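Tertiary structure, described
Okay, here's what each chain looks like letter by letter:
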Protein chains: 2
Amino acid sequence: MANTDTASVRVFSLNCWGIRYLSKHCPQRYAMIGDLLSKEEHDIVLLQEVWSEKDFLNLKKKLACSHPHCHYFKSGVIGSGLAIFCKHRIHDTFLYRYSLNGYPYMAHHGDWFGGKAVGMAVIKIGSMTANVYVTHLHAEYCREKDSYLPHRVVQAWELQQFIRHTSAGADVVIVGGDLNMHPQDLGNRLLRAYTGLRDSYLETANFDGCEDGMTLIADNPFISKKELVPFEKGIRIDYILFKGSSKTDMHCDSMSTTKGSIPDHPFPYSDHEALTAELRMEPHTPTEPGHDKKSMDQDSGKVAELVDILTEARTEVKVGLHCAERMRYTATRTGIMGLALLFLELAIAAVPWLALGAEQPFPRTSFYLLAALCCAILLTTFLLYIFYTMELKSLQGAEDQMRLAVGSLQEKLRGFPLPQPYSTHRKPPEGQEPSAFDPEE
Amino acid sequence: MANTDTASVRVFSLNCWGIRYLSKHCPQRYAMIGDLLSKEEHDIVLLQEVWSEKDFLNLKKKLACSHPHCHYFKSGVIGSGLAIFCKHRIHDTFLYRYSLNGYPYMAHHGDWFGGKAVGMAVIKIGSMTANVYVTHLHAEYCREKDSYLPHRVVQAWELQQFIRHTSAGADVVIVGGDLNMHPQDLGNRLLRAYTGLRDSYLETANFDGCEDGMTLIADNPFISKKELVPFEKGIRIDYILFKGSSKTDMHCDSMSTTKGSIPDHPFPYSDHEALTAELRMEPHTPTEPGHDKKSMDQDSGKVAELVDILTEARTEVKVGLHCAERMRYTATRTGIMGLALLFLELAIAAVPWLALGAEQPFPRTSFYLLAALCCAILLTTFLLYIFYTMELKSLQGAEDQMRLAVGSLQEKLRGFPLPQPYSTHRKPPEGQEPSAFDPEE
């Protein structure tokens, strides 16, 4: 649909840290968040870690006037924790559950049970169609030895795939959430380079908030400084990203974050800082003639950069593959040992002379305890084998898709004219689209 | 991208029944399939149930000349079994795993382990962008009492969401696969009504194949007639669907299926029949003036039909919800009983007078066996509880999305003029698009 208006939207994003009975001051904080939202009346509110549907329903009740349209995305065992509140009608929703999301036996980390995903809502702003995405990626518990890195890279890969493929019909794209990635982390670069999404913190000239746009800061009383090491002051892991389309240009007029404490309140809204961005949309201005050559060089540079990022991502996924293979091997070996032990025990019990002349017969108590232990080992290793096989399939699948994408991009690169000083403006081979590395841009 | 050419593609789809060591004559059938494909040189080949990657790699080797581009989609424990071979370069791929797919403890049905999904490949045919989808839905093991129906309806719902949202940028859409649904089944109606996909069997004037386009027939030697009851001759559950776009019209020139036996071969390619469709694409012809009123009435009828189908689907999902809730309740109750039994046993062992004057002390063997049994019950019911909770979340999520979609469609319906004989051609309210019930069409 063609757009003729200029419009602006205020977007809010917050990781609510809403684990009932575990997160500190949870009900009070939700009340504060509800008050803020009904007062501020943002156009689009993107929340993460709303783990309890009851809390969502309370917010829904409170925001019935300011935000009549909302959706709660359900996934995993307790999640996905993603919610969207909106002044504009939500016409359609879609949820993509990431194929990898940590390990169920790491219950204290809880990510697996949350069923991390990306939720999409299609809304109309005036005559424009906006695709709005809210997501939350796997947490990073230890930056030095981050065993979840391959999972997070695959999540970033799937996130960019989902956004890229579902947003072709949209006039504008808005993405908000807790990516659990620093600005220059691999997954973040992959996401931005592939989709062409722009970071509202980097794009705005009008920023008011924490130093360097940080969203997890040492000054927040819910944050222990130990978690942040080696980053003394804090890190930036929550984002509001956006892009326009061939029909609509999008700009970030201003951006702000909360700064730890909140005036007149004893504690902040969450352990994360809240983000607010004011985005302006206007009809696309066609580029001036003579811009083509420059744009082509830029695009060629972008494709080359994307190939490098993808190569790096493939390496990280391969590390994950190696790790998952080793874990599956260990599970298999342990399972086989459990089976062997069970057979040996049964053999000793059935054929007494195998007990090698021990004076005592095989004691019954030990027999049953040992048998139960063997069965427990067999069951556990069987379940682990299944789980690791599924992890391997997902990692291999992502690696295959990345390899195919690299091939396609390299073919595109071959279609660009060489950046030699004497090269004239050559036409690319037929069927090639030199400036179309991102089909949506 | 605008298209100026007329082009045609031949599309092939087959459920290969490729379970190594279990499916009859598996290697021979793969050899036959390879021979057929390299001889026939279809543009696009969509295969399902290629469960072993080795078989895919063998086919890849054999088809290196006729189909230089291919992709194997990985998912679940052994699957997803989906593969695509193509004459044209595959530029991009994406996989969506269905959130519901049967039960892991129904191992003899195997669907859960297959990780059913829909795979997408973006290819260029001349100057046209084609989004090609291959999928395989959960099998129907008993039509009279189909306990998997809610899962299959949710799969159909997710399939239409995936196709609708990812195909906005495509000139043409081609979908092939084993839907495990009869032509008038709820999921099939939902898929076709929502996406606007057309069934090549119904669209072609030139059909050569089994009666009524059946793809699982009694004449196939791999099919036991018992499976087909109450359908004597067979059923139609495999499809090639297609649609054009605002830029491209698409037609089915001819369609054919295999007919059970294959000349000069001792057995057929698979237990399913293979489908071939010849699809022609040409630039979109704009509708003549005065067509608007008729089209609006048609669209209003279509939206009303869609609301009815969605209401039916919601009912089915609610049946699934009720069932999953009951199962989770049973698992919880059994778990609590296991725990109570364990406590009772420990109490009896610790406090002998609780044995109520029995002459024998608590026998050690029984004690350990009973304790092991209690632990097994606790572990199993805990795992089942987790699984059913995830099932509930997915069913609730789908139901929420359907409810939201019904609301949006009903709002659209209110925008249509009433089909009264005296009604003049009224303009719909501002901001409404009467003919855009499917945003991609």
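Before reading further, recall that the structure is shown in the block above.
Just so it is clear, the model here is predicted, and its values are computed rather than measured.

**Description of the pattern of salt bridges**
Residue and element names in this part refer to chain A. In this structure the tally under the stated criterion is 47 salt bridges over all chains. Arg280 is the salt-bridge partner of Asp253, the closest N and O atoms lying 3.0 Å from each other. Of the two residues, Asp253 is situated in strand S14 (residues 248-257) and Arg280 in strand S15 (residues 275-283); the sequence distance between them amounts to 27 residues. For Asp253, a relative accessible area of 32% gives the class partly exposed. The exposure class assigned to Arg280 is partly exposed, which follows from its relative accessible area of 25%. In this structure, Arg403 engages Glu399 in a salt bridge whose closest nitrogen and oxygen atoms are separated by 3.7 Å. In this pair, Arg403 and Glu399 are both assigned in helix H9 (residues 364-415), four residues apart and thus about one turn of the helix distant. Note on Arg403: relative accessible area 42%, which makes it partly exposed. The class of Glu399 is buried, set by a relative accessible area of 8%.

**Notes on the packing of aromatic side chains**
Applying the stated criterion across every chain yields a total of 39 aromatic pairs over all chains. For the ring pair Phe56 of chain A and Tyr72 of chain A, a centre distance of 4.9 Å and an interplane angle of 25° mean the geometry is stacked. Taken together, the residues Phe56 of chain A in helix H2 (residues 53-62) and Tyr72 of chain A in strand S3 (residues 69-75) connect sequence positions 16 residues apart. The two residues Phe56 of chain A and Tyr72 of chain A agree in class, both being buried. Aromatic ring contacts, followed pair by pair, group Phe94, Tyr96, Tyr98, Tyr133 and Phe162 of chain A together with Phe94, Tyr96, Tyr98, Tyr133 and Phe162 of chain B into a single cluster. Here Arg164 of chain A stacks its cationic end above the ring of Tyr194 of chain A, 4.2 Å away from the centre of that ring. The ring centre of Phe222 of chain B lies 5.5 Å from the NZ or CZ of Arg29 of chain B, which sits over that ring.

What counts and what doesn't
- Residues numbered from 1 in each chain as written.
- Chains lettered and ligands numbered in written order.
- Predicted model: local features only at pLDDT ≥ 70, side-chain atom pairs only at ≥ 80, totals over all residues.
- Heavy atoms only, no water.
- Salt bridge = Lys/Arg side-chain N within 4 Å of Asp/Glu carboxyl O.
- Helix = DSSP H or I, 4+ residues; strand = E, 2+ residues; numbered from the N terminus.
- Buried < 20%, exposed > 50% of the residue type's maximum accessible area, 1.4 Å probe, protein only.
- Phe/Tyr/Trp six-rings, centres within 6.5 Å; stacked < 30°, edge-to-face > 60°.
- Lys NZ or Arg CZ within 6 Å of the ring centre and 35° of its normal.

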